[in-house]
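Architecture at a glance
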Amino acid sequence: MTEQSAQPGPDGRRRVRRALVSVYDKTDLVELATGLHAAGVEIVSTGSTAQCIAGAGVPVTPVERLTEFPECLDGRVKTLHPRVHAGLLADTRRPTHLAQLEELGIAPFDLLVSNLYPFTETVASGAGPDECVEQIDIGGPAMVRAAAKNHDCLTVVVEPRRYGWVLEEIAAGGITLADRRILAAAAFRHTATYDVAVASWLGSVLAPEHGSPFPSWIGATWDRKAVLRYGENPHQAAALYVSGHTPGLASAEQLHGKEMSYNNYVDADAAWRAAHDHGDVPCVAVIKHANPCGIAIGKDVADAHRKAHQTDPTSAFGGVIAVNAEVSVEMAEQVAEIFTEVLVAPSYAEGALRVLTAKKNIRLLRLPVPAQQGGVELRPVSGGVLLQQRDAVDADGDDPGGWKLAAGEPVDAGTLADLQFAWRACRAVKSNAILLATDGAAVGVGMGQVNRVDAARLAVARAGDRARGAVAASDAFFPFPDGLQVLLDAGVRAVVQPGGSVRDPQVVEAAAAAGVAMYLTGTRHFAH
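First, a word on what this report is: a plain description of the structure on this page.

A look at a nonpolar patch on the surface
A grouping of I218, W222, Y241, L378 and V385 is seen on the molecular surface, where their side chains present a nonpolar patch of about 510 Å² in accessible area. Residue class for W222 comes out partly exposed when judged on its relative accessible area of 49%.

Right, dumping it as structure tokens:
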């Protein structure tokens, strides 16, 4: 016992003589066990882990021989025993703890290697409640937390990627206190992430609260993926974090270009959302400062890109582009002629990457088409966080079949298609928002104004002569006829807006007097 409890050396290293290994993920397990045995480490193990180690010809002590109690309840109970946890929790710096271990005949552990049942993977597979509950690990987290708490006296490892490093450190004389603390922090993050996943699933799937679509508690854990050069401005530090395997821009694969910046991520996310609001029709969105300076649909992606770029060629310089379909060689050649910060797409045709990678500064991202819209989104505010359902395209409010013709005569199919495009496209524009469109392309965008009159003026000014004969979409109702009048005076031929103002009759009357068709959607699309 005295040898087992030797004090650390002057560099704080603790020798590893006895290890408990219990893992679900068997990645590199045989290599680890072989290395531990070669270093003279006694290995105690459980269930299938012990079988795997023994099958490789490495000596191992089954945990039931240690506990003198068989695994029971279909493996639910195997390590929940004093001979396991006393060996993990004993503070071997304390003579009283050493004396109690001696009296009880328990040897301390110097190393725990453990990872947990695949709960999140089981949930993601669509498994039923009983199968998911069975993957809620109990003994694993208990051991990991015990070892992490007692990191002054032993080492805990929860990630297979660290096995090689651990073996190197053992060969060098043991694990330093500084490294044991780092590993303990990783272990607590491991169990915290696991517990949050279980609590979130249980609260949202098996025990949702009555009377509210939102739970009384939400939890998430975030892992740092990258430290960015800076934030919105050079004097602000910034980093990117991801939560598990949540799909989205943060998980995009970068194929080329410099590291992404904070603003690149913000703009690329806005572009990606905007490009995927138009179904399977090829769509390209060009974003500057989180607002579309160009957005269009076309017969193919090259056509859509040409039209989107022409919305505002001046602002498109240095913009961020997203496309909802594969980038063709033709589109790549067009993009290569324009200074572009980021291009994000689900895929790139053969030859398109060769064209684009010739441009040193463009960042190329590959991101699969989102499986579905909807879900919830978070926004931090001082002292808290706001949670809301994402503003996804809604069949009732965004399908022209559900719109109400409030003024003028029904428009032809081409005009109605332009109205639908404008209505969907204005969802991506910061409020107050007015968007003018012709032939499936925005020709003028008025965004982020504090009143709707200025938004209309800005859209008309950006459109210039193209305003005449265009259609217009407003993300919210016109509170007075004055904003609409700006559009009417510019020659807009049809308008779509939510309606709902107390002055709707005056607004509708102004459209009718001008002989302009006005459709009401009943749905608002503010974007703050």
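On we go.
Comments concerning the environment of D91
Looking at where D91 falls in the secondary structure, it is placed in the loop between α4 (82-89) and α5 (95-104). What makes D91 buried here is its relative accessible area of 7%. Sequence separation between D91 and N150 is 59 residues; the distance between their C-alpha atoms is 6.9 Å. Non-local contacts of D91, meaning those with residues more than four positions away in its chain, are made with H97, N150 and C153.

Notes on unusual backbone geometry
A cis amide bond, omega -10°, links S431 with the succeeding residue N432. Summarising the element assignment, N432 is placed in the loop between α17 (413-425) and β17 (434-438). With a phi angle near 60°, D28 is a residue other than glycine that sits in the positive phi range. Mapped onto the fold, D28 is located in the loop between β1 (18-23) and α1 (29-38). You can call D28 partly exposed: its relative accessible area is 38%. Unlike most non-glycine residues, D439 shows phi in positive territory, near 55°. One can find D439 in the loop between β17 and β18 (441-446).

Comments concerning helix α8 (residues 139-149)
In terms of burial, α8 is a largely internal element, eight of the 11 residues being buried. Looking only at α8, the buried set comprises G139, G140, P141, M143, V144, A146, A147 and A148.

Comments concerning the sheet that holds strand β3 (residues 61-62)
The five strands lie next to each other as β3-β2-β1-β4-β5, forming an open sheet whose pairing is parallel. At either margin of the open sheet sits one strand with a lone partner, and together these are β3 and β5 (155-157). Pairing geometry for β1 and strand β4 (residues 111-115), over five bridges, is parallel. Counted as the bridge partner of A19 is L111 from β4.

Section: the side chain of D418
You can see D418 is positioned in helix α17. Among all residues touching D418, those that are not within four sequence positions of it are T438, D439, G440, V471 and R493.

Notes on the nonpolar core
In terms of nonpolar packing, the biggest core is built from 46 residues, with L249, I295, V344, L365, L419, L435 and V496 touching the most fellow members. Ranked by residues supplied to this core, first place goes to helix α11 (residues 262-275) with seven residues. Setting aside its immediate chain neighbours within four residues, L419 contacts W403, V411, V471, A472, A494, V495, V496 and Y519. One finds A407, V453, V508 and M518 within the second-largest nonpolar core, a separate group that totals 28 residues.

Considering the packing of aromatic side chains
A full pass over the atoms with the stated rule returns four aromatic pairs. When the ring of W403 is compared with that of Y519, the centres are 6.0 Å apart and the planes differ by 55°; the resulting orientation is tilted. Of this pair, W403 sits in the loop between α16 (395-398) and β16 (404-407) while Y519 sits in strand β21 (residues 517-520); the two residues are 116 residues apart in sequence, bridging distant segments of the chain. Residue W403 shares its accessibility class with Y519, and that shared class is buried.

Observations concerning the packing of helix α18 (residues 452-463) against helix α19 (residues 481-489)
Two numbers describe a pair of packed helices, the interaxial angle and the distance between the axes. Across the interface, α18 lies against α19 with an axial gap of 8 Å and an inter-helix angle of 10°. Considering the angle they form, α18 stands roughly parallel to α19. On α19, the residues touching V453, A456, R457 and V460 of α18 are D482, G483, V486 and L487. For the contact of α18 with α19, the class distribution of residues is five nonpolar, one polar and two charged.

Brief notes about helix α20 (residues 504-513)
What α20 keeps buried is the set D504, V507, V508, A510 and A511. End-on, the buried residues of α20 take up no more than an arc of 155°, which puts them together on one face. The outward face of α20, more than 90 degrees from its buried face, is lined by the exposed residues P505, E509 and A513. At its buried positions, α20 is contacted by β16, α19, β20 (494-497) and β21.

A few points about the pattern of salt bridges
The tally for this structure, following the rule as stated, stands at 20 salt bridges. The closest approach of N and O atoms between R273 and E377, which form a salt bridge, is 3.0 Å. Taken together, the residues R273 in helix α11 and E377 in strand β14 (residues 376-381) connect sequence positions 104 residues apart. A salt bridge links D418 to R493; its shortest N-O distance comes to 3.5 Å.

Digging into the packing of α1 against helix α2 (residues 47-55)
Contact geometry for α1 and α2: axes closest at 9 Å, N-to-C directions at 65°. With respect to each other, α1 and α2 are oriented roughly perpendicular. Classified by chirality, the crossing of α2 by α1 is right-handed. Taking contact as the criterion, the partners of L29, V30 and A33 in α1 are, on α2, T49, C52 and I53. Of the residues belonging to the contact of α1 with α2, the class tally is five nonpolar, one polar and no charged.

Looking at empty space enclosed by the protein
The tally for this structure, following the rule as stated, stands at two cavities of 30 Å³ or more. Estimated volume of the largest cavity: approximately 40 Å³. The wall of the largest cavity is formed by P292, C293, T311, D312, V443, G444, V445, M447 and R462. Of all elements in the fold, only β10 (291-297) and β18 reach the threshold of two or more residues within the lining of the largest cavity. Ranked by residue count, the leading element in the lining of the largest cavity is β18, at three residues. Looking at the lining of the largest cavity residue by residue, the class counts come to five nonpolar, two polar and two charged. Space inside the second largest cavity adds up to approximately 30 Å³. Around the second largest cavity sit V286, H305, H309, A316, I321, I338 and T340, which together line it.

What counts, and at which threshold
- Residues numbered from 1 in each chain as written.
- Predicted model: local features only at pLDDT ≥ 70, side-chain atom pairs only at ≥ 80, totals over all residues.
- Heavy atoms only, no water.
- Patch = residues over 30% accessible without salt bridge, like charges linked within 9 Å, V, L, I, M, F, W, Y side chains within 5 Å.
- Areas by Shrake-Rupley, 256 points an atom, 1.4 Å probe, with all protein chains shown as cover.
- Salt bridge = Lys/Arg side-chain N within 4 Å of Asp/Glu carboxyl O.
- Buried < 20%, exposed > 50% of the residue type's maximum accessible area, 1.4 Å probe, protein only.
- Helix = DSSP H or I, 4+ residues; strand = E, 2+ residues; numbered from the N terminus.
- Contact = heavy atoms within 4.5 Å.
- Pairing = 2+ DSSP bridges.
- Core = buried A, V, L, I, M, F, W, Y, C linked by side-chain atoms within 4.5 Å.
- Phe/Tyr/Trp six-rings, centres within 6.5 Å; stacked < 30°, edge-to-face > 60°.
- Axes fitted to C-alpha atoms, helices over the stretch in contact; angles between N-to-C directions.
- Parallel < 35°, antiparallel > 145°, perpendicular 65-115°, else oblique.
- Nonpolar A, V, L, I, M, F, W, Y, C, P; charged D, E, K, R; others polar.
- Arc of directions from axis to C-beta.
- Left-handed = near helix turned anticlockwise from the far one by under 90°.
- 1 Å grid on protein atoms, 1.4 Å probe; cavity = no way out; pocket = protein on both sides within 12 Å on 5 of 7 lines; lining within 4 Å.
- Points joined across faces, edges and corners; volume = space filled by probe spheres on them.

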